[in-house]
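# Summary of structural features
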Amino acid sequence: MTAMRGTRALFGVLFLAAATVGVWLLWLGWDTEYTVDPETGNTSGPYEPWQVIGCVLTLVLLAALAGTRLSPWLVGAVMAVAFTAAWTWQAASSDDSGLWAVGAVLVLIGMAIGSTLVSLAARRLSRRPTGRRG
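In this report, the structure presented in the accompanying data block is examined. (Residues numbered from 1 in each chain as written. Predicted model: local features only at pLDDT ≥ 70, side-chain atom pairs only at ≥ 80, totals over all residues. Heavy atoms only, no water.)

When you line up the elements, Thr20 lands in helix H1 (residues 2-29). We classify Thr20 as buried; its relative accessible area is 0%. In this structure the side chain of Thr20 is engaged in a polar contact, spanning 2.7 Å, whose partner is the backbone oxygen of Leu16. (Helix = DSSP H or I, 4+ residues; strand = E, 2+ residues; numbered from the N terminus. Buried < 20%, exposed > 50% of the residue type's maximum accessible area, 1.4 Å probe, protein only. Polar contact = N/O pair within 3.5 Å; in protein donor to acceptor, adjacent residues only side chain to side chain.)

Okay, structure coming up:
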């Protein structure tokens, strides 16, 4: 029974990591172009607000679902490492200033905190008794 539980957890972790990287690819991984405002010369991008919002909402859903099946602490660690690795791969390859490292640390911290809190909340809600007391 313990070996089966360990195998299920391993497959769950691998699926979660792949799904997290998939979320990054779906929403952010394909956009590498910056936009320059012709009047002000200000540069923005590469992501549009709708991409970031979609990415965050998808990650919230993924963390909530994973939190009902896996340890929330494991969910937080796996999602943070997987998303940060995907983000860093693209950022490091296109940044000559070295600031990608600062961004990577911020992404890692934000992902770890956010995915852990969402999965903890989902775990707690999924464990609530459904019947009325009386």
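Okay, H1 next. Look at H1: 38 Å from first C-alpha to last across 28 residues, which is about the 40 Å you get at 1.5 Å a residue. For H1, the set of buried residues is Val13, Leu16, Ala19, Thr20, Val23, Trp24, Leu28 and Gly29. Those residues of H1 hidden inside the fold are in contact with helix H2 (49-67) and helix H3 (72-94). (Expected span 1.5 Å × (residues − 1). Contact = heavy atoms within 4.5 Å.)

With respect to the element layout, Thr84 can be found in helix H3. On a C-alpha basis, the gap between Thr84 and Gly110 in space is 9.8 Å, while along the polypeptide they are 26 residues apart. Aside from chain neighbours lying at most four places away, what touches Thr84 is Ala104, Val107 and Leu108. At a separation of 2.6 Å, a polar atom in the side chain of Thr84 contacts the main-chain carbonyl oxygen of Ala80.

The next subject is the layout of surface pockets. In this structure, the largest pocket occupies an estimated 470 Å³ of space. For the largest pocket, the lining is made up of 19 residues, of which Arg8, Ala9, Gly12, Arg69 and Leu70 are closest to its centre. When residues of the lining of the largest pocket are traced back to their parent elements, those giving at least two are H1 and H2. Sort the elements by how many residues they give to the lining of the largest pocket and H1 lands first, with eight residues. Classifying every residue of the lining of the largest pocket by side-chain character gives 10 nonpolar, four polar and five charged. Estimated volume of the second largest pocket: approximately 280 Å³. Around the second largest pocket, the lining is made up of 15 residues, and of these Tyr34, Pro46, Trp87, Ala91 and Ser94 lie nearest the centre. Contributions of two or more residues to the lining of the second largest pocket are made by H3 and helix H4 (100-126). The element best represented in the lining of the second largest pocket is H3, accounting for four residues. Here the lining of the second largest pocket is composed, by residue class, of seven nonpolar, six polar and two charged. (1 Å grid on protein atoms, 1.4 Å probe; cavity = no way out; pocket = protein on both sides within 12 Å on 5 of 7 lines; lining within 4 Å. Points joined across faces, edges and corners; volume = space filled by probe spheres on them. Nonpolar A, V, L, I, M, F, W, Y, C, P; charged D, E, K, R; others polar.)

Right, let's get into a nonpolar patch on the surface. A surface patch of nonpolar side chains, amounting to about 370 Å² of accessible area, comprises Val105, Ile109, Ile113 and Leu117. Looking at where Ile109 falls in the secondary structure, it is placed in helix H4. (Patch = residues over 30% accessible without salt bridge, like charges linked within 9 Å, V, L, I, M, F, W, Y side chains within 5 Å. Areas by Shrake-Rupley, 256 points an atom, 1.4 Å probe, with all protein chains shown as cover. Salt bridge = Lys/Arg side-chain N within 4 Å of Asp/Glu carboxyl O.)

The next subject is the side chain of Thr116. Summarising the element assignment, Thr116 is placed in helix H4. Classification of Thr116 as buried rests on a relative accessible area of 12%.

This paragraph deals with the packing of aromatic side chains. Both the distance between ring centres and the angle between the ring planes are used here to describe each pair of aromatic rings. For the structure shown, the criterion picks out three aromatic pairs. Their ring planes at 70 degrees and their centres at 6.4 Å tell us that Trp27 and Trp50 sit as a pair that is edge-to-face. Taken together, the residues Trp27 in helix H1 and Trp50 in helix H2 connect sequence positions 23 residues apart. A ring pair is formed by Trp30 and Trp50, whose centres lie 6.4 Å apart and whose planes are at 35 degrees; its orientation type is tilted. Here Trp30 is found in the loop between H1 and strand E1 (35-36), whereas its partner Trp50 is found in helix H2, with 20 residues between them in sequence. Accessibility expressed as a relative area gives 49% for Trp30, which makes it partly exposed. (Phe/Tyr/Trp six-rings, centres within 6.5 Å; stacked < 30°, edge-to-face > 60°.)

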